Amino acid sequence: MSGTRTSNRRRYGLKLALIVGFGALAFAFLTAHNNPATGYEISVYTQSPLLYWVALSVALLVAIAVSILAYDNRLGTLALVLAVMGVLSIFALPIIRGYFFYGHGDSLHHLGWAKDIADGVLDPRDIIYPGFHMISVFFSKFGGIDMPLTMMYVTLLVKLLYVVFVPLTLYVLYSNRKAIFIGVFSGFLLMPINHISTHEHFHTFSMTVLFTVFVYYLLFAHVTKKHVDESLPRLISPTGMLLPVALVAVVFFHPQAAFNVLLLFGTITLVQFVYRLRSKDHAVSQMRGIYGQFILLAIVFALWAGQFENTYRVLDLMITGVQETITGNEEAGEVIQQRSSSTVAVGTSLTEMFVKLFGVSTIYSLLAGGLILSVLSSRFQAQSQKTDGVVIYFAYGGLVLVPFVGLHFLGDIDAYLFRQFGFGMVLVTILGAIALFHVSSTPFRRDWRPVLGVATVVVLAAGLLIAFSSPFILLPNAQVTETEMDGYDTLLENQDRDVRVFGGLRGHAGRFIDALQYSEDGRDQRAVMFNGTTFNEGLSGVYDTDKYLVVSQYDRTQELDVYNGFRFDERGFERLQTTNGIHRIQSNGDVGVYYIDE
């Protein structure tokens, strides 16, 4: 009787904690929503209200505590829902706080293309990865939402899909609530996003990488016979029928990521074939095949990607890079060397940046590596035979991907190197989560719970601190304000066509030209660039013809507050105001346009 009362009090206590947690989350959301951004913010973290972070911390601490104490019942499930909603509110901060758009760089190109498709001036078949643009156009048209906001919603939707299907992928293997707990918090870390070549904003390769976890869920469910329909032939499953749809979608989302999936599926197909020849009783031999799905993916990829010049350009760069590296005419890893030099120059050590960006990823990589070695050496006693098969699939798939990734280290294609790391981190996340599940193969003991709770808080904080670009990782906030967009629009509307526009301090002007759909009549003028030395010593008298220069609050913040004047320093900005021949002709408080009279 006493035990029943204790159990009831414990249950009531957990329910009360969840009520507090959901209340704190609602308060956090309202606080962030009622304090919208009023201009460009250097960091979404420091500029969001402190009360938001306090209330959200309370909600997440409650979610972690309750999910650990009650992971095996419905209260634990509610705690995980609370955790997902809380972390999703962080991912959604640009939307909640009223950002006009999020994502300088490639995202602005994609914004222009999506608007062109919606306006009927661009055929989606003319771009190599139209998938996410088409989804954005659909939601914008039928939801009546402006395209910039729609694209932020689509990005958030992809992140939600990733967070949901990482745990569901583990659940296919174990049907265990503890696996769900580990998968959810592993998904929160967004390890495929490294801010070097994969990004948190609307970046089609990055979004496709996050989408691949849905492909792996369908793959696992199909090969492990998770879902069976007696009305279908033995070799066909409901998820097996949906898998080809997802694979075709990957091709249209981004063929470069699709080629990685093709290599992985080809390896799995070969592994299945070899194991069935050698050992029909092995777990791999007992799994459903994916021969048809692999062939379909190969055909669709060849037909679609083969019609675009960019496919052959990347292939040519890869071959040329190998040849020139062998002959000594090209230095491998130039992008890595340049970024390393820049990091040191702004006063941060490489070790510090590595820990910030890849500390958690390294831990999961070690866990994944240990799991693979254990399975391949037959020293691992799996709680589920399904695990052996999928670990072997990913192990051999990873071995095939390693030399392919190595090719990206050579020549001009090394800019894509960290894209491949991002793709691989989806596999590492799943394998690392499997390893964590087996490390805690017995039920959570009381003396483990505080340690597990602290470890979860520390790792989650480390992951969420780099969810967005910020000065913490030497990157400016990727916010685009409406006044910044209007400033470029006003210039382009009133520009003297005989006077060219500088590409901006780091080429931003050309991206805004695309975003604003000014792609005709010689508007694409990104080639007109200058270096830091020229800017700092004064631009007047350097060029043969007159020029326009656009300087936004984003530019100033990036160069002076984030990069500490590494390339463009305070002198250069001051000389814009004092140098003869440089005239400020337009300003809206966020964007200033200067006419350089030569």
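Participant: An account of the overall build of the protein chain is needed here, citing residue identities and associated values.
Facilitator: Across its full length, the protein chain holds 24 helices and 6 strands. The buried share of the protein chain, reckoned over its 598 residues, is 55%. Of all intrachain contacts in the protein chain linking residues separated by at least 6 positions in sequence, the fraction that spans at least 24 positions is 76%. As displayed, the protein chain offers around 26300 Å² of accessible surface, 59% of which is attributable to carbon and sulfur atoms.

Participant: Please provide a residue-by-residue account of the pairing of strand E5 (residues 582-587), values included.
Facilitator: With 5 bridges joining them, E5 and strand E6 (residues 591-596) adopt antiparallel strand pairing. Its bridge partner being in E6, histidine 583 is matched across the sheet by tyrosine 595.

Participant: Which residues make up the sheet that holds strand E3 (residues 500-501), and what values go with them?
Facilitator: Strands sit in the order E3-E4-E6-E5 across an open sheet of 4 strands; the sheet is mixed. The open sheet has two edge strands, E3 and E5, and neither has a second partner. Each of strand E4 (547-552), E5 and E6 touches helix H24 (residues 570-578); the most contacted strand, E4, lies at about 125° to it.

Participant: Tell me about the pattern of salt bridges, residues and numbers included.
Facilitator: Considering all chains together, one arrives at 5 salt bridges under this definition. Note that glutamate 41 is salt-bridged to arginine 97, the shortest N-O span being 2.7 Å. Of this pair, glutamate 41 sits in the loop between helix H1 (2-33) and helix H2 (44-47) while arginine 97 sits in the loop between helix H5 (93-96) and strand E1 (101-102), and the two are 56 residues apart along the sequence. Each member of the pair, glutamate 41 as well as arginine 97, carries the same accessibility label: buried. As a salt-bridge pair, arginine 125 and aspartate 123 come within 2.8 Å of each other at their nearest N and O atoms. On the basis of relative accessibility, which here comes to 59%, the residue arginine 125 falls in the exposed class.

Participant: Any details on H24? Residues and values, ideally.
Facilitator: Among the residues making up H24, those that are buried are Gly572, Phe573 and Leu576. Down the axis of H24, the buried side of the element spans an arc of 100°, and every buried residue falls inside it. At its buried positions, H24 is contacted by helix H22 (532-537), E4, helix H23 (553-562), E5 and E6.

Participant: Run through the environment of alanine 17, naming residues and quoting values.
Facilitator: Topologically, alanine 17 is positioned in helix H1. Take alanine 17: its relative accessible area is 23%, and that puts it in the partly exposed class. Once the C-alpha coordinates of alanine 17 and alanine 63 are considered, the two residues, 46 residues apart in sequence, prove to be 8.6 Å apart.

Participant: Tell me about the packing of helix H6 (residues 106-119) against helix H8 (residues 147-174), and please be specific about residues and values.
Facilitator: Running from N to C, H6 and H8 point in directions that differ by 115°, and their axes come no closer than 10 Å. The handedness of the crossing between H6 and H8 comes out as right-handed. Where H6 abuts H8, its residues Ser107, His110, Leu111, Ala114, Lys115 and Ala118 lie against Met147, Pro148 and Met151. Broken down by class, the residue content of the contact of H6 with H8 amounts to 6 nonpolar, 2 polar and 1 charged.

Participant: Please give an account of the side chain of threonine 267 that cites residues and values.
Facilitator: The topology assignment puts threonine 267 in helix H12 (residues 255-278). With relative accessibility at 10%, the residue threonine 267 sits in the buried group. A distance of 2.8 Å separates a polar atom in the side chain of threonine 267 from the backbone oxygen of leucine 263. Beyond its immediate chain neighbours, meaning those up to four positions away, threonine 267 contacts Tyr396, Gly397 and Val400.

Participant: Break down the nonpolar core for me, citing the residues and quoting the values.
Facilitator: By size, the foremost hydrophobic cluster in this structure holds 161 residues, and its most contacted members are Phe185, Phe188, Val215 and Tyr216. Of all the elements, helix H10 (residues 204-223) adds the most residues to this core, at 15 residues. Not counting the four nearest positions on each side in its chain, tyrosine 216 is found in contact with Thr169, Leu264, Phe394, Phe423, Val426, Leu427 and Ile430. Phe502, Leu549, Leu576 and Ile596 belong to the second-largest nonpolar core, a separate cluster that totals 13 residues.

Participant: Provide a residue-level description of the packing of aromatic side chains, including the pertinent values.
Facilitator: Applying the stated rule across the entire model yields 29 aromatic pairs. With centroids separated by 6.1 Å and ring planes inclined at 70°, the aromatic side chains of tyrosine 45 and phenylalanine 468 adopt a geometry described as edge-to-face. Residue tyrosine 45 is located in helix H2, and its partner phenylalanine 468 is located in the loop between helix H19 (449-464) and strand E2 (479-480); the two are separated by 423 residues in the primary sequence. Grouping residues by exposure puts tyrosine 45 and phenylalanine 468 together as buried. Relative to phenylalanine 301, the ring of phenylalanine 259 lies with its centre 5.6 Å away and its plane at 40°, an arrangement referred to as tilted. Of the two residues, phenylalanine 259 sits in helix H12 while phenylalanine 301 sits in helix H13 (residues 291-305), which places them 42 residues apart along the sequence. Connected via pairs of aromatic rings, a cluster forms that spans Tyr45, Tyr52, Trp53, Tyr99, Tyr102 and Phe468. We note lysine 178 situated over the ring of phenylalanine 437; from NZ or CZ to the ring centre the distance is 5.3 Å. One cation-aromatic arrangement involves lysine 356 over phenylalanine 472; the distance from NZ or CZ to the ring centre is 4.2 Å.

Participant: So what's going on with the packing of helix H3 (residues 50-69) against H19? Residues and values would help.
Facilitator: When two helices pack together, their arrangement is captured by the angle between the axes and the distance separating the axes. The N-to-C vectors of H3 and H19 enclose an angle of 140°; their axes lie 10 Å apart at closest approach. Between H3 and H19, the angle falls in the class oblique. Here H3 runs over H19; the crossing is right-handed. In contact with Leu61, Ile64, Ile68 and Leu69 of H3, H19 contributes Arg449, Leu452, Gly453, Thr456, Val457 and Leu460. Class assignment for the residues of the contact of H3 with H19 results in 7 nonpolar, 2 polar and 1 charged.

Thresholds, definitions, all that
- The numbering scheme is per chain: residues are counted from 1 as the chain's sequence reads.
- Local features in a predicted model are, by the rule used here, given only for residues with pLDDT of at least 70; side-chain atom pairs are given and counted only at 80 or more, and totals for whole chains, interfaces and linings are based on all residues.
- To obtain the side-chain values, all non-hydrogen atoms of the structure were used and water was disregarded.
- Secondary structure elements follow DSSP: runs of H or I of four or more residues count as helices, runs of E of two or more count as strands, with numbering from the N terminus.
- Exposure is judged per residue with a 1.4 Å probe applied to protein chains only, and the accessible area is read against the type maximum: over 50% gives exposed, under 20% gives buried, and values in between give partly exposed.
- What makes two residues a contact is simply this: any of their non-hydrogen atoms within 4.5 Å.
- Only the protein chains shown count as cover for residues, with accessible areas throughout obtained via the Shrake-Rupley method and a probe of 1.4 Å.
- For two strands to count as paired, DSSP must find a minimum of two bridges between them.
- Lines fitted to C-alpha atoms define the axes, with helix axes restricted to the stretch in contact, and inter-axis angles between N-to-C directions lie between 0 and 180 degrees.
- Throughout this description, the term salt bridge denotes a Lys or Arg side-chain nitrogen within 4 Å of a carboxyl oxygen of Asp or Glu.
- The directions considered for the arc run from the helix axis to the C-beta atoms.
- Note on convention: the crossing is left-handed when the near helix lies turned anticlockwise from the far helix by less than a right angle, right-handed when the turn is clockwise.
- Each residue is assigned to one of three groups, with Ala, Val, Leu, Ile, Met, Phe, Trp, Tyr, Cys and Pro labelled nonpolar, Asp, Glu, Lys and Arg labelled charged, and all others, Gly among them, labelled polar.
- Whenever two N or O atoms come within 3.5 Å, that pair is a polar contact, provided that in protein one can donate a hydrogen and the other can accept it, and provided that, for residues adjacent in sequence, both atoms are side-chain atoms.
- Residues belong to one nonpolar core when they are buried, are Ala, Val, Leu, Ile, Met, Phe, Trp, Tyr or Cys, and are joined through side-chain atoms within 4.5 Å.
- Here is the rule: rings of Phe, Tyr and Trp (six-membered ring for Trp) pair when centre to centre is within 6.5 Å. Planes less than 30 degrees apart are stacked, more than 60 are edge-to-face, and the remainder are tilted.
- We call a charge positioned over a ring when the NZ of a Lys or the CZ of an Arg lies within 6 Å of the ring centre and within 35 degrees of the ring normal.
- Any angle between 65 and 115 degrees counts as roughly perpendicular, while under 35 counts as roughly parallel, over 145 as roughly antiparallel, and the rest as oblique.

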